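Descriptive analysis of the structure
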Amino acid sequence: MHIAFLTPEYPQPHSTPSGGLGTSIKNLAKQLVKRDHKISIFIYGQEKDLIFEEEGIKFYFIKQLNYDFFGWYRYRKYLESYLNKVIREEQIDTLEAPDWTGITALIKLKCPLVIRMNGSDSYFCRLEGRPQKKKNFWFEKLALKNADHLLSVSEFTSDITREIFKLKKEIRVIPNAIDTKVFTPSEEKPVSGSILYFGSVIRKKGVLELAHVFNLVCTKDPDARLVMVGKDVRDIITGKSTKTLFNEILDKESRLKVTWKGSLPYVKVKAEIARASVITLPSFAEALPMTWLEGMAMKKAMVTSDIGWAKEVMIDGETGYTVNPKDHAAYAEKVLRLLSNRELAKKMGLAARKRVVERFSTEVVVKENVRFYESVIDG
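Quick summary incoming for the structure in this document. None of these values were measured; they are calculated from a predicted model.

1. Focus: the pattern of salt bridges
Throughout the structure, instances matching the rule amount to 19 salt bridges. Ionic pairing is found between Glu333 and Lys334, a salt bridge with its closest N-O pair at 3.3 Å. Among the ionic pairs, Glu333 bridges to Arg337, the shortest N-O distance being 2.8 Å. Highlighted residues: Glu333 and Arg337, both in helix α12 (residues 328–340), separated by four residues, approximately one helical turn. Bridged by salt links that share partners, the residues Lys38, Lys58 and Glu90 form one connected network.

Right, here's the structure in full:
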């Protein structure tokens, strides 16, 4: 099969910054290539046009074009022409696009279009309780309506998206995958008292709640230390940097026990995960978070949020703990329990790794995707 992906991001040196969406596509694409499928990646909204092949994947970087008027329409029509030309020349069997901002609205392709729900703007606005631009809602609804097939990375995301857009179509659920041969447990002994957060430093990831939680942890465990890894994002409500808001919440003593690492390359993120005794990921808005799978794959006991998708990833009390991030006392109590009981943390880490291998490893998930793509093409 020749499968193509249309995406605004991908973890590649030539690309603009990438997050979980790009990582999930990369994990899947690399595994499909290993199974002798042909893969093309179209990355739109880039700084310049570029076409090259790397590790068996053909990349098409598509420059962001700016227009004096109707840019939203004209750029989509430009993408339509570009994509269809390559689809014909390279005999692409099917193309997958994300639901985010409805990039495929108004685009008609010469092959079946699959949209995978990794969380639309409408979805995240619903979870965060914030207003949305009507244009984004309209584009996302039209894109989903016109897609030939729909996928979702979690049942929760599928249910919420169906409700928001009143979708009647079948939505197949296939979770994100992680390469458990890349994210492997480390032989390095965790640093005693170390707590790690990694991901964007932004309100919707629950980091402001984590500041309150850490204050409580420090009152009971003076040796606790928190490491923050990720890009600081300007807060959508106050306009301040989220790091600034975080530090404003911290007590004077707690502030001295936080280390800010900023954005790090993957190899250094893995090193931070290896050193952590406990990982805290109190997010309010996810579809199916790659950070959770990465921590679990490295045998780390975690304290996460308990919202929607969490029940599809974590098993509370077995792979770690799921807690309402706004219940600061309960969250802090679970963190302290894992910090003080290394055997319990180790046991939960083992269970977390086992769950990821059985449910979210590329070996398992890629087979599900292949069967799905075959049904799309045969249909």
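2. Quick notes on empty space enclosed by the protein
A full pass over the atoms with the stated rule returns two cavities of 30 Å³ or more. A volume near 120 Å³ is recorded for the largest cavity. Lining the largest cavity are 15 residues, with Ser24, Leu28, Glu96, Arg116 and Asn176 positioned closest to its centre. Within the residue set of the lining of the largest cavity, elements represented by two or more residues are α1 (20–34), β5 (94–98) and α14 (362–378). Examining the composition of the lining of the largest cavity, we find that four residues originate from one element, α1, more than from any other. Looking at the lining of the largest cavity residue by residue, the classes come out as nine nonpolar, four polar and two charged. The computed volume of the second largest cavity comes to approximately 40 Å³. Lining the second largest cavity are His14, Thr16, Gln46, Glu47, Lys48, Leu50 and Phe61. Its residues assigned to classes, the lining of the second largest cavity shows two nonpolar, three polar and two charged.

3. Some words on the sheet that holds strand β4 (residues 57–63)
Pairing in this open sheet of eight strands is mixed, and the strands run β3-β4-β2-β1-β5-β6-β7-β8 from one edge to the other. Only two strands of the sheet have a single partner each, and these edge strands are β3 (50–54) and β8 (171–173). On average, each strand axis in the sheet is tilted by 25 degrees relative to the strand beside it, whichever way the strands run. In the sheet, β3 pairs with β4 via five bridges, with the strands oriented antiparallel. From the neighbouring strand, Glu54 faces β4, where its bridge partner is Ile57. Packing against the sheet, α1 makes contact with β1 (2–7), β2 (38–46), β4, β5 and β6 (113–117), and its axis sits at approximately 170 degrees to β1.

4. Notes on a positive patch on the surface
A cluster of like positive charges, contributed by Lys189, Lys299, Arg342 and Lys346, occupies part of the molecular surface. Turning to its location among the elements, Lys299 is positioned in the loop between α10 (290–297) and β13 (302–304).

5. Some remarks on the packing of aromatic side chains
Two measures describe an aromatic ring pair: the distance that separates the ring centres and the angle between the ring planes. In the structure shown here, the tally under the stated rule is 23 aromatic pairs. Between Phe59 and Phe61, the aromatic rings sit 6.4 Å apart at their centres with planes inclined by 45 degrees, giving tilted as the arrangement. The pair formed by Phe59 and Phe61 is uniform in burial state, with each residue classed as buried. Through successive ring pairs, a cluster of aromatic residues spans Phe69, Phe70, Trp72, Tyr73, Trp138 and Phe139. A cation over an aromatic ring shows up here: Lys270 above the ring of Phe183, its NZ or CZ 5.6 Å from the ring centre.

6. Section: the packing of helix α13 (residues 342–359) against α14
Packing of α13 against α14 brings their axes to within 5 Å, and their N-to-C directions diverge by 25 degrees. Here α14 runs roughly parallel to α13, going by the angle between their axes. Residue-level inspection shows Val357, Glu358 and Arg359 of α13 in contact with α14, the latter providing Val364, Val365 and Glu368. Looking at the contact of α13 with α14 residue by residue, the classes come out as three nonpolar, no polar and three charged.

7. Looking at the layout of surface pockets
By volume, the second largest pocket amounts to about 390 Å³. For the lining of the second largest pocket, the element with the highest residue contribution is α13, accounting for five residues. Considered class by class, the residues forming the lining of the second largest pocket number eight nonpolar, two polar and eight charged.

8. Focus on the nonpolar core
Phe42, Leu95, Phe214, Val217 and Phe246 are the most contacted members of the largest nonpolar core, which has 98 residues in total. Among the elements that line this core, the one with the most residues is helix α6 (residues 207–220), at eight residues. Formed by 26 residues, the second largest nonpolar core is a distinct cluster that contains Val33, Ile41, Tyr373 and Val376.

9. Focus on the environment of Tyr197
Tracing the sequence through the fold places Tyr197 in strand β9 (residues 194–198). Put simply, Tyr197 and Pro282 are 85 residues apart on the chain and 9.0 Å apart in space, counted from C-alpha to C-alpha. Look past the residues within four positions of Tyr197 in its chain and what remains in contact with it is Lys205, Val207, Leu210, Leu226, Val227, Met228, Val229, Thr280, Leu281 and Pro282. A distance of 2.6 Å separates a polar side-chain atom of Tyr197 from the backbone oxygen of Ser200.

10. Focus on the environment of Leu288
Among the structural elements, Leu288 can be located in the loop between β12 (278–281) and α10. Take Leu288: its relative accessible area is 5%, and that puts it in the buried class. A sequence separation of 31 residues divides Leu288 from Thr319, and the C-alpha atoms of the two residues are 16 Å apart. Non-local contacts of Leu288, meaning those with residues more than four positions away in its chain, are made with Val153, Ser154, Pro175, Asn176, Leu293, Val313 and Phe360.

The rules we used
Residues numbered from 1 in each chain as written. Predicted model: local features only at pLDDT ≥ 70, side-chain atom pairs only at ≥ 80, totals over all residues. Heavy atoms only, no water. Salt bridge = Lys/Arg side-chain N within 4 Å of Asp/Glu carboxyl O. Helix = DSSP H or I, 4+ residues; strand = E, 2+ residues; numbered from the N terminus. 1 Å grid on protein atoms, 1.4 Å probe; cavity = no way out; pocket = protein on both sides within 12 Å on 5 of 7 lines; lining within 4 Å. Points joined across faces, edges and corners; volume = space filled by probe spheres on them. Nonpolar A, V, L, I, M, F, W, Y, C, P; charged D, E, K, R; others polar. Pairing = 2+ DSSP bridges. Axes fitted to C-alpha atoms, helices over the stretch in contact; angles between N-to-C directions. Contact = heavy atoms within 4.5 Å. Patch = residues over 30% accessible without salt bridge, like charges linked within 9 Å, V, L, I, M, F, W, Y side chains within 5 Å. Areas by Shrake-Rupley, 256 points an atom, 1.4 Å probe, with all protein chains shown as cover. Lys, Arg positive; Asp, Glu negative; His and termini not counted. Charge placed at Lys NZ, Arg CZ, Asp CG, Glu CD. Phe/Tyr/Trp six-rings, centres within 6.5 Å; stacked < 30°, edge-to-face > 60°. Buried < 20%, exposed > 50% of the residue type's maximum accessible area, 1.4 Å probe, protein only. Lys NZ or Arg CZ within 6 Å of the ring centre and 35° of its normal. Parallel < 35°, antiparallel > 145°, perpendicular 65-115°, else oblique. Core = buried A, V, L, I, M, F, W, Y, C linked by side-chain atoms within 4.5 Å. Polar contact = N/O pair within 3.5 Å; in protein donor to acceptor, adjacent residues only side chain to side chain.

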